[in-house]
Amino acid sequence: MEYAASDAEHRAAEPGADGGAPPEGRAGTDGAAAPEQQGEGTGRGGEAPPGPEPSAQPDAVRAGPAPGTVEAAFAPPDGGSWVRVSPALDHYLRFTGIAVAVVAGVPLSALCWVWLGPVWALAAAALALASVPAAWFTAGRVRRSWGYAEGRTDLCLTYGLAVRQLVVVPYGRMQVVDVTANLLEQALGIATVRVRTAATTADTRIPGLDLDTAVGLRDRLAARSETFSTGL
């Protein structure tokens, strides 16, 4: 009898044993979980809470270069991007810089020795030697300054460090498009695409292109030149 009474008292002491509502946050008689336990990350009514709103991008990223700046003046057409040349052009520029320094420095120093004396000869040799590290360390920047973009009606080209240039060549004015590669370019696996027009004697060139890139660009420019020339 004592055990039975203790068991009845124990059941009566439990929450909800007298038929009342179960406490908040506990499971009911049908075994369903309370709203606080229906799933992690869900809100009321079983709907997922709204995620954080995406942060707005800065105006400078969306708008591009600010008007009136150098970057805006030399920006690619149609809001595109410049296609850069191969990094192998760095080696080409360094090798040619050393060759020019040696070829020009040796006879210049000899002439200064004969006509002006040893002091001027040493000055000419020092100037030639100083051009070697200058060409070596600026080769990367010179290569990164080169870029081209194929617009809808024009070919745009930019290059230059101290003096930046932007050349725009209409497809309809192109007469000759060819690919050239000297011995050093062939050894480095690069080539130069040249575009000649009837309006000027100067030719537009894009150096430091991979061989496949150079051939593909030549074919596209030749096809566009014929198409736009027919429409003129």
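If you're wondering where the values come from, they're calculated on a predicted model, not measured in any experiment.

Pairing of strand 3 (residues 154–159) with strand 4 (residues 165–170), which is carried by 6 bridges, proceeds in the antiparallel orientation. Among the inter-strand pairings, Asp154 is bridged to a residue of strand 4, identified as Pro170. Linking strand 3 back to strand 4 in an antiparallel pair, the connection comprises 5 residues, with Gly160 at a positive phi of about 110°.

A few words now on the sheet that holds strand 2 (residues 147–150). Within the open sheet, the 4 strands sit side by side as 1-2-3-4. Their pairing is antiparallel. The sheet is open, and its two borders are formed by strand 1 (83–84) and strand 4, each paired with just one other strand. Taken together, the 4 bridges between strand 2 and strand 3 define a ladder with antiparallel strand orientation. Of the residues in strand 3, the one forming a bridge with Gly147 is Thr158.

Moving on, we come to the environment of Ala75. By secondary structure assignment, the location of Ala75 is in the loop between helix 3 (70–73) and strand 1. C-alpha separation for the pair Ala75 and Leu166, spaced 91 residues apart in sequence, amounts to 8.9 Å.

Right, let's get into the side chain of Glu185. Residue placement: Glu185 occurs in helix 6 (residues 183–188). No salt bridge is formed by the buried Glu185. Its closest oppositely charged neighbour is Arg194, at 6.4 Å. Those residues in contact with Glu185 that sit more than four places away from it in its chain are Tyr92, Thr180, Ile190, Ala191 and Thr192.

Before going further, it helps to spend a moment on a nonpolar patch on the surface. A cluster of nonpolar side chains, contributed by Leu111, Trp113, Val114, Trp115, Leu116, Val119 and Trp120, occupies part of the molecular surface with about 930 Å² of accessible area. Elements with a contribution of two residues or more to the nonpolar patch: helix 4 (89–115) and helix 5 (118–145). It is helix 4 that contributes the most residues to the nonpolar patch, 4 residues altogether. As for its position among the elements, Trp115 is in helix 4.

Within soluble globular proteins, side chains that are nonpolar tend to cluster in buried spots. Counting 21 residues, the largest nonpolar core has Leu155, Met174, Ile206, Leu209 and Leu221 as the members making the most contacts within it. Put simply, the parts of the chain that give this core at least two residues each are helix 4, strand 3, strand 5 (174–180), strand 6 (190–197), strand 7 (204–210) and helix 7 (211–231). For this core, the element with the highest residue contribution is strand 6, accounting for 4 residues. Apart from the residues lying within four places of it in its own chain, the contact partners of Met174 are Leu155, Val169, Val195, Arg196, Thr197, Leu221 and Ser225.

Taking 1.5 Å as the rise per residue, helix 4 with 27 residues should run 39 Å; its terminal C-alpha atoms sit 38 Å apart, in good agreement. Within the sequence span of helix 4, burial applies to Leu89, Asp90, Tyr92, Arg94, Gly97, Ala101, Gly105, Ser109 and Cys112. For helix 4, the secondary structure elements touched by its buried residues are helix 5, helix 6, strand 6 and strand 7. Directly beyond the C-terminal end of helix 4, a positive phi value near 110° is found at Gly117.

This brings us to the packing of aromatic side chains. The way to describe two aromatic rings as a pair is by their centre distance and the angle between their planes. Throughout the structure, instances matching the rule amount to 1 aromatic pair. Ring centres of Trp146 and Tyr159 lie 4.5 Å apart, and the angle between their planes is 15°; this geometry places the pair in the stacked category. With Trp146 in the loop between helix 5 and strand 2 and Tyr159 in strand 3, this pair connects stretches of sequence that are 13 residues apart. Relative accessible area serves as the criterion here: at 9%, Trp146 is assigned to the buried category. Given a relative accessible area of 23%, Tyr159 falls into the partly exposed group. The ring centre of Trp136 lies 4.8 Å from the NZ or CZ of Arg94, which sits over that ring. In this arrangement the basic side chain of Arg164 is found over the ring face of Phe74, its NZ or CZ atom lying 4.8 Å from the centre.

What follows covers the packing of helix 4 against helix 5. In the contact formed by helix 4 and helix 5, the axes pass within 8 Å of each other and the chain directions differ by 170°. Judged on the interaxial angle alone, helix 5 and helix 4 are roughly antiparallel. Among the residues making up the contact of helix 4 with helix 5, the classes are represented as 18 nonpolar, 5 polar and 3 charged.

Here we take up the sheet that holds strand 5. One open sheet holds the 3 strands; their spatial order is 5-6-7, and the pairing between them is antiparallel. The sheet is open, and its two borders are formed by strand 5 and strand 7, each paired with just one other strand. Shown here is a sheet whose adjacent strand axes are inclined to one another by a mean of 20°, direction ignored. Bridge analysis of strand 5 against strand 6 gives 6 bridges, and the strand direction is antiparallel. When the bridges of strand 6 are listed, Val177 appears paired with Val195.

Reading the values: the criteria
Residues numbered from 1 in each chain as written. Predicted model: local features only at pLDDT ≥ 70, side-chain atom pairs only at ≥ 80, totals over all residues. Heavy atoms only, no water. Pairing = 2+ DSSP bridges. Helix = DSSP H or I, 4+ residues; strand = E, 2+ residues; numbered from the N terminus. Buried < 20%, exposed > 50% of the residue type's maximum accessible area, 1.4 Å probe, protein only. Lys, Arg positive; Asp, Glu negative; His and termini not counted. Salt bridge = Lys/Arg side-chain N within 4 Å of Asp/Glu carboxyl O. Contact = heavy atoms within 4.5 Å. Patch = residues over 30% accessible without salt bridge, like charges linked within 9 Å, V, L, I, M, F, W, Y side chains within 5 Å. Areas by Shrake-Rupley, 256 points an atom, 1.4 Å probe, with all protein chains shown as cover. Core = buried A, V, L, I, M, F, W, Y, C linked by side-chain atoms within 4.5 Å. Expected span 1.5 Å × (residues − 1). Phe/Tyr/Trp six-rings, centres within 6.5 Å; stacked < 30°, edge-to-face > 60°. Lys NZ or Arg CZ within 6 Å of the ring centre and 35° of its normal. Axes fitted to C-alpha atoms, helices over the stretch in contact; angles between N-to-C directions. Parallel < 35°, antiparallel > 145°, perpendicular 65-115°, else oblique. Nonpolar A, V, L, I, M, F, W, Y, C, P; charged D, E, K, R; others polar.

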